[in-house]
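Residue strings, one per chain:
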Amino acid sequence: MIIKFNIPGWNYFVSDKVKSEDINIGEWVVPVKNFSESRLDELCTAAIEQGITGCCKHTEGLYELFNGSDNGSLTICFYTSFGDVSAHKRLFQFLIDNGLIEKDGKGFRDIDYIMYPQKEKECNLYPPIQKLSDFIELETGKG
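Computed from a predicted model, the values in this text were never measured in an experiment.

Trainee: Would you mind going over the pairing of strand β4 (residues 55-59) with me for this structure?
Mentor: Strand residues, when the strand is regular, have side chains that alternate between the two faces of the sheet. Where burial is concerned, most of β4 is hidden: five out of the five residues are buried. What you see with β4 is no split at all: C55, K57 and T59 on one side and C56 and H58 on the other are buried throughout. As defined by bridge partners, strand β2 (residues 10-15) adjoins β4 across five bridges and the pair is classed as antiparallel. Note on β4: the bridge partner recorded for V14 is C55. Note: β4 against strand β5 (residues 74-81), three bridges, orientation antiparallel. Bridged to K57 within β5 is C77.

And the structure:
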């Protein structure tokens, strides 16, 4: 079952299988253009149903407009365990298959992964931010 809720500006989607002890997480922050909020709802739901992530969220259009984005862009975020490389790679394939990562003449846009270590000792194990390019070749999408 997927639990859906809204905190002003954000729509959250959480699997009821997520455990509270799953604290070693971070989020892939993906800015998107030309996607409706309803399409992002569908993608969050699909990512959870397919086991790609246990939690996903996306911004609402009015939130983005209020915060200075007037180009129709939204943000979608996918939470993953920061030590699970195979989970990251499954997510990348999902993002690529669904056109969520912009492409230019050189390859895919280098998106950010922001980590939220919950224990101080883990803060030294991982850098605070990683990039898509740390996992795949941006030109090809292969990793």
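Let's pick the thread back up.
Trainee: I keep staring at the confidence of the model for the protein and nothing clicks. Help me out?
Mentor: Detailed reading of predicted coordinates is not advised where the pLDDT is low. Looking at the protein as a whole, its pLDDT mean stands at 82, while 78% of the residues score no less than 70. Taken element by element, the predicted model of the protein shows its lowest mean pLDDT in helix α4 (residues 120-123) (50) and its highest in helix α1 (residues 37-49) (95).

Trainee: Even after reading the chapter, I still don't get α1, so can you show me in this structure?
Mentor: Because an α-helix packs 3.6 residues into every turn, residues spaced three or four apart end up facing the same way. With 13 residues, α1 should reach 18 Å at 1.5 Å per residue; the first-to-last C-alpha distance of 18 Å fits that figure. Among the residues of α1, those classed as buried are L40, L43, C44, T45, A46, A47 and I48. Buried residues in α1 make contact with β1 (2-7), β2, β3 (25-32), β4, β5 and α3 (85-97). Positioned one or two residues after α1, G51 has a phi angle of 75 degrees, which is positive.

Reading the values: rules and limits
Residues numbered from 1 in each chain as written. Predicted model: local features only at pLDDT ≥ 70, side-chain atom pairs only at ≥ 80, totals over all residues. Heavy atoms only, no water. Buried < 20%, exposed > 50% of the residue type's maximum accessible area, 1.4 Å probe, protein only. Helix = DSSP H or I, 4+ residues; strand = E, 2+ residues; numbered from the N terminus. Pairing = 2+ DSSP bridges. pLDDT = per-residue confidence, 0-100. Expected span 1.5 Å × (residues − 1). Contact = heavy atoms within 4.5 Å.

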